[in-house]
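Here is what each chain is made of, one letter per residue.
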Protein chains: 2
Amino acid sequence: MAEKSDVRPGELAIELPSACDASVYFIGRIRTPFKSRGECPKNSAEDAIGRIELDPPYAAGLADLGLFSHLWLLYWMDQARRDLILQVPAHLGRPRGTFALRSPVRPNPIALAAVELLGIDGGTLRVRGVDCLDGTPLLDIKPYFASTDCFPEAKRP
Amino acid sequence: MAEKSDVRPGELAIELPSACDASVYFIGRIRTPFKSRGECPKNSAEDAIGRIELDPPYAAGLADLGLFSHLWLLYWMDQARRDLILQVPAHLGRPRGTFALRSPVRPNPIALAAVELLGIDGGTLRVRGVDCLDGTPLLDIKPYFASTDCFPEAKRP
């Protein structure tokens with residue numbers, strides 16, 4: 001986890017509220033080839049294959065998931081600090097708002113990755129396109145709907 | 001919120017863990033035309049226009065967001081029960097696993113919607129494509145990246 005002293009020039013830390021508003025369960029873990037943050041690819045366009053291990057009570061929730069080719073994974077980036085609201089990414093060299101970045105550093109460190117479903121075996125999934133640290137806590141799996149999730153015309157700088 | 005007695009034949013409720021694993025902040029609210037769950041469209045392909053009102057400490061995090069045409073909203077469906085792992089959606093008429101559905105009912109009731117950014121004014125955004133209840137708590141905003149988020153070939157049943 002980054003220390004407070006790691007704030008770069010141009011970055012801005014805020015004081016987070018003293019209490020949170022709601023709580024989440026970790027429902028499983030994501031197994032990936034990446035054992036350190038430095039090894040993680042910068043986005044899930046990479047082709048790394050990973051394994052999703054659901055905790056046993058949740059395995060029944062996978063029924064019919066095999067009918068879909070792609071999934072969303074929502075996971076908890078438990079090693080990221082949460083208080084930076086302006087960040088200076090190395091590739092940019094100047095400050096950008098946290099909500100204009102896909103950085104793990106954000107008030108609620110929930111990551112989002114679309115992956116291709118390769119197979120299901122009991123409570124374990126094989127997927128292509130993981131980018132997170134091995135052992136990352138899983139929050140949710142959702143089916144990917146091209147009708148509502150795909151915007152090929154979306155513009156970025 | 002659904003009562004325990006609302007479980008339909010074929011649905012399965014599990015006992016959730018006695019403690020949660022992590023906590024989230026509500027960073028703002030989503031303002032929509034929908035004042036009851038019955039009014040909400042079933043998916044964000046609808047064209048409803050909404051307003052995102054960020055709480056003041058987070059507004060600085062919007063810097064550069066206007067460079068993107070589309071955003072992800074992550075929000076907390078605070079009126080949904082969390083213990084159903086098999087559900088019988090009315091349109092399906094038979095049980096399907098929670099992780100194969102985009103239902104608000106799930107262990108971590110975090111919703112995901114891609115919206116078009118129409119404008120930013122201080123800590124307020126105007127967006128097209130909202131589908132949630134007016135006043136829904138916001139967890140995160142992320143820029144939409146067609147390169148990693150768009151899978152036009154994704155299959156669904």
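Refer to the structure presented above.
Quick caveat: nothing in here was measured; it's all calculated off a predicted structure.

> Quick question: what am I supposed to make of the overall build of chain A here?
Scanning chain A for helices and strands turns up 1 helix and 10 strands. Starting at the N terminus and walking to the C terminus, you meet the elements of chain A as β-β-β-β-β-β-β-β-β-β-α. Relative to a compact globule of 157 residues, whose C-alpha radius of gyration would be 15 Å, chain A shows 17 Å and is just as compact. In chain A, which comprises 157 residues, the proportion classed as buried is 55%. Side chains of chain A give 19 positive and 20 negative charges; the mean places of these two sets differ by 5 Å.

> Where do I start with the interface of chain A and chain B in this structure?
Many authors give the size of an interface as the accessible area that is lost as the parts come together. The interface of chain A with chain B comprises 70 residues on the first partner and 70 residues on the second. The contact between chain A and chain B buries some 6600 Å² in all, and 63% of this surface belongs to carbon and sulfur atoms. Per-residue buried area on chain A facing chain B is highest for Tyr 25, Phe 99 and Arg 102 of chain A; these three make up 13% of the total on that side. Inspection of the region where chain A meets chain B yields 8 salt bridges. For Arg 106 of chain B, the salt bridge is made with Asp 140 of chain A, and the minimal N-O distance between the two is 2.7 Å. Linking chain A with chain B are 41 residue pairs in polar contact (both at pLDDT 80 or more), by the criterion used here. At the level of elements, β2 (22–24), β5 (70–76), β6 (84–87), β7 (96–97), β8 (110–121), β10 (136–143) and α1 (146–149) of chain A are the ones that each hand at least two residues to the side of chain A that touches chain B.

Reading the values: rules and limits
Residues numbered from 1 in each chain as written. Chains lettered and ligands numbered in written order. Predicted model: local features only at pLDDT ≥ 70, side-chain atom pairs only at ≥ 80, totals over all residues. Heavy atoms only, no water. Helix = DSSP H or I, 4+ residues; strand = E, 2+ residues; numbered from the N terminus. Rg over C-alpha atoms; globule rule 2.2 N^0.38 Å. Buried < 20%, exposed > 50% of the residue type's maximum accessible area, 1.4 Å probe, protein only. Lys, Arg positive; Asp, Glu negative; His and termini not counted. Charge placed at Lys NZ, Arg CZ, Asp CG, Glu CD. Contact = heavy atoms within 4.5 Å. Buried area = accessible area lost by both parts, 1.4 Å probe. Salt bridge = Lys/Arg side-chain N within 4 Å of Asp/Glu carboxyl O. Polar contact = N/O pair within 3.5 Å; in protein donor to acceptor, adjacent residues only side chain to side chain.

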